[in-house]
Amino acid sequence: MIRVLLAEDQAMMRGALAVLLDLEDDLEVVAQVADGAEIVPTALKMRPDVALLDIELPHVSGLDAAAELAEALPECRVVIVTTFGRPGYLKRAMAGGVRGFLVKDQPVEGLADSIRKVAAGGTVIDPELAGSALRSAGSPLTARERDVLAAAEGGSTVADIARRLLLSESTVRNYLSAAIGKTGTRNKTEAALVARDQGWL
């Protein structure tokens, strides 16, 4: 039996996926979470074989949780299942040790087969997205520029970002200026939107 943890913030989608996966003879959904911050603690408690993670989750993204899970519970293989099939997300996921990356519009039978392949040690990536990722350039942002832009989403001021990241305001301005230049935008809000759309955040 393959034990599965399911992380999805939309209750209806999470419940439907759990029901459909539980219909498979060899799959058992042992845990469901709606918040990214719950993924690692729940996985450490339930010891799933495979974790199915959405990207857009409250508090901790599926991509960040996947990297944490790879450190905390390396025997648990991660599959990202998302609406956001962006090359930048795929690259970040693979760098974080993810073994599968699928978009949500595929049939559930394909998802069950992918879980089996990943549980057996394989890697499963949506082929169209893999092609796009190979053709696209990587993120031009440094890790710190990415942190500052992520903190800027939602309209945070330079002072807010500086307090949150424990940086000086002048350092934050320097990182924002560099990120704005690299994204070819006019301000931090536009830069964050472009970076998010490209899958760099």
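In what follows, the accompanying structure is described. Counting restarts for each chain, with residues numbered from 1 along the sequence as it is written. Reporting in this predicted model follows two pLDDT cut-offs: at least 70 for local features of residues, and 80 or more for side-chain atom pairs to be given and counted; totals over whole chains, interfaces and linings ignore these cut-offs and use all residues. Side-chain measures here rest on the full set of heavy atoms in the structure, leaving out hydrogens and waters.

### Quick word on unusual backbone geometry
The bulk of non-glycine residues show a negative phi, and the bulk of peptide bonds are trans.
Point 1. Positive phi, close to 70 degrees, is recorded for His59, a residue that is not glycine.
Point 2. For the purposes of this entry, the term helix denotes a DSSP run of H or I that reaches at least four residues, the term strand denotes a run of E that reaches at least two, and both are numbered from the N terminus. By the element assignment, His59 lies in the loop between β3 (50-53) and α3 (62-72).
Point 3. Even without being a glycine, Leu166 presents a positive backbone phi close to 60 degrees.

### Comments concerning the sheet that holds strand β4 (residues 77-82)
Point 1. Two strands qualify as a pair provided that DSSP identifies no fewer than 2 bridges between them. Spatial ordering of the open sheet is given by β2-β1-β3-β4-β5-β6, a layout of 6 strands whose pairing is parallel. Where the open sheet ends on each side, the last strands, each with one partner, are β2 (27-33) and β6 (124-125).
Point 2. As paired strands, strand β1 (residues 2-7) and β2 are joined by 6 bridges and run parallel to one another. Note that in β2 the partner of Leu6 across the bridge is Gln32.

### Overview of the side chain of Ser156
Point 1. Structurally, Ser156 is set in the loop between α7 (143-152) and α8 (158-165).
Point 2. Look at Ser156 and you get buried, because its relative accessible area is 10%.
Point 3. For the purposes of these results, a polar contact is taken to be a pair of N or O atoms within 3.5 Å, where, inside protein, one atom must be able to donate a hydrogen and its partner to accept one; residues adjacent in sequence count only when each atom of the pair is a side-chain atom. Within the local environment of Ser156, its side chain forms a polar contact with the backbone oxygen of Ala151, the two atoms lying 3.1 Å apart.
Point 4. At 2.9 Å, the side chain of Ser156 and the side chain of Arg164 are in polar contact.
Point 5. If we ignore the near neighbours within four places in the chain, the residues touching Ser156 are Ala151, Ile161, Arg164 and Lys188. Buried residues are those whose accessible area, probed at 1.4 Å on protein chains only, stays under 20% of the maximum for their type, while exposed residues exceed 50% and partly exposed ones sit between those limits. By definition in these notes, contact holds between two residues if any of their heavy atoms fall within 4.5 Å.

### A closer look at the pairing of β2
Point 1. Among the 7 residues that make up β2, 5 are buried, leaving the element largely enclosed by the rest of the structure.
Point 2. Crossover β1 to β2 through helix α1 (residues 11-22) is right-handed. If the strands point away from the viewer and the path from the first strand over the helix to the second runs clockwise, then the crossover is right-handed.

### Looking at empty space enclosed by the protein
Point 1. Here a cavity denotes grid points, spaced 1 Å and computed from the protein atoms alone, that fit a 1.4 Å probe unable to get out, and a pocket denotes an open set having protein on both sides within 12 Å along at least 5 of 7 lines; residues with an atom within 4 Å of a point are the lining. Grid points are joined across faces, edges and corners, and a volume is the space filled by probe spheres set on the points. Scanning the model with the defined rule gives 1 cavity of 30 Å³ or more in all.
Point 2. Computed from the structure, the largest cavity encloses a volume of approximately 40 Å³.
Point 3. Breaking the lining of the largest cavity down by element, the ones donating at least two residues are β1 and β3.
Point 4. Residue classes follow a fixed rule: Ala, Val, Leu, Ile, Met, Phe, Trp, Tyr, Cys and Pro count as nonpolar, while Asp, Glu, Lys and Arg count as charged, and any other residue, Gly among them, counts as polar. Its residues assigned to classes, the lining of the largest cavity shows 6 nonpolar, no polar and 3 charged.

### Some words on the packing of α7 against helix α9 (residues 169-183)
Point 1. Axes, fitted as lines to C-alpha atoms, cover a helix only where it is in contact. Angles between the N-to-C directions of the axes lie from 0 to 180 degrees. Between α7 and α9, the shortest axis-to-axis distance is 9 Å and the interhelical angle comes to 95 degrees. Viewed along their axes, α7 and α9 adopt a mutual orientation that is roughly perpendicular. Between α7 and α9, the residues in contact are Arg144, Glu145, Val148, Leu149 and Ala152 and Val172, Tyr175, Leu176, Ala178, Ala179 and Lys182, respectively.
Point 2. Across the contact of α7 with α9, the residue classes tally to 8 nonpolar, no polar and 3 charged. Every angle not falling under 35 degrees, over 145, or within 65 to 115 is termed oblique; those three ranges are roughly parallel, roughly antiparallel and roughly perpendicular.

### Overview of a nonpolar patch on the surface
Point 1. To count toward a patch, a residue needs a relative accessible area over 30% and no salt bridge; like charges are then connected within 9 Å, while nonpolar side chains (Val, Leu, Ile, Met, Phe, Trp, Tyr) are connected within 5 Å. For the accessible areas, the method is Shrake-Rupley and the probe is 1.4 Å, while residue cover comes only from the protein chains on display. Each reported salt bridge corresponds to a side-chain nitrogen of Lys or Arg within 4 Å of a carboxyl oxygen of Asp or Glu. The grouping of Val19, Leu20 and Leu23 at the surface amounts to a nonpolar patch, some 290 Å² of accessible area in total.
Point 2. In this fold, Val19 is placed in helix α1.
Point 3. Given the relative accessible area of 53%, Val19 is considered exposed.

That's the geometry; what it means functionally is another story.
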